[in-house]
Amino acid sequence: MAYSVVPVGHVRSCFKEKFAIPRQPALAPAARGCLELSPPFDRAEAVQGLEGVSHVWLLFIFHQALDTEPRLKVRPPRLGGNRSIGVFASRATHRPNGIGQSVVRLDRIEPGKLWLSGLDLLDGTPVLDIKPYVPYADQVPGATNAIAEAPPALLPVDWASAALAEARSHALRLDEPLVALIEQCLGQDPRPAYQVPSPERTYGVKLWDVEVRWHYPTPASIRVLEVFVQA
Ligand code: SAM
């Protein structure tokens, strides 16, 4: 039997492309955005009571990774992108029905809008449902996962001085913690694990309306070179 689902809203997030989005929520607390609810869920009744809740589960569609053929095995980036495991052993984006789930911080509520942080969702992501995080039920003391035991190791991120000044100035303009966002996202080393970066090669990503360019002076360190808005 097929079921149809209709999004309750869409996320407007700092992430304008998939590259450099953290692999799980909360890895970048400075990753913020707004869930814009669609009618009839944009009315105040739909979120009444949520003001007493610090975090919510979002169930969403990986709308930019939908498959036409089912996959039984996936190659998660965490395993270097060259080892495959069963799709149900992974939180990879390519999966049956393309459904993702993330626990995110609920910072503020307005009728029709939930302001969120710690996002790992692309701008425009359709959200199917929102549920309050229930600490006594959702925290599992002693839980284990041999494939994903700990958060990814962080690389040190440093700045060309002009880039840091540019980031600070765009942070003020956007009223967003842009310096922290860049450090938190790049520190997780977004480059594919199989690519050994030469110092000459530059990488780039767009966060909010800001282009960020960086390179790897050594394979284990990142230097932000430029932060600018495309004319
Ligand atoms: N926390 C969720 C989960 O476990 O279902 C998502 C985990 S998934 C590994 C996180 C990645 O999904 C991000 O790094 C980003 O590249 C990708 N992503 C986020 N939103 C997406 C979207 N709407 N469509 C396709 N890929 C998306």
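Details of the structure are given in the entry above.
This write-up is about the structure you can find in this document. (Residues numbered from 1 in each chain as written. Predicted model: local features only at pLDDT ≥ 70, side-chain atom pairs only at ≥ 80, totals over all residues. Heavy atoms only, no water.)

### Observations concerning the site of the ligand
Taken together, 21 residues lie near the ligand, and Gln24, His63, Arg91, Asp120 and Thr125 sit nearest. For the ligand, a nitrogen atom lies 3.1 Å from a polar atom in the backbone of Gln64. Side-chain polar atom of Thr125 to a nitrogen atom of the ligand: 2.8 Å apart, as the coordinates give it. Elements that contribute at least two residues to the shell around the ligand include exactly strand S3 (55–61) and strand S6 (99–110). Considering every element that reaches the shell around the ligand, the biggest residue donor is S6, with 3 residues. (Near = heavy atom within 4 Å. Polar contact = N/O pair within 3.5 Å; in protein donor to acceptor, adjacent residues only side chain to side chain. Helix = DSSP H or I, 4+ residues; strand = E, 2+ residues; numbered from the N terminus.)

### Notes on the side chain of Arg191
Among the structural elements, Arg191 can be located in the loop between helix H3 (178–186) and strand S10 (202–207). Within the local environment of Arg191, its side chain forms a polar contact with the backbone oxygen of Gln195, the two atoms lying 2.3 Å apart. Excluding its chain neighbours within four sequence positions, the residues that come into contact with Arg191 are Phe19, Val196, Pro197, Tyr203, Tyr216 and Pro219. (Contact = heavy atoms within 4.5 Å.)

### Quick notes on H3
Of all the positions in H3, only Leu178, Val179, Leu181, Ile182, Cys185 and Leu186 are classed as buried. The buried residues of H3 occupy one face: seen down the axis, they fall within an arc of 165 degrees. Where H3 is buried, its residues contact strand S9 (157–159), helix H2 (161–174), S10, strand S11 (210–218) and strand S12 (221–228). (Buried < 20%, exposed > 50% of the residue type's maximum accessible area, 1.4 Å probe, protein only. Arc of directions from axis to C-beta.)

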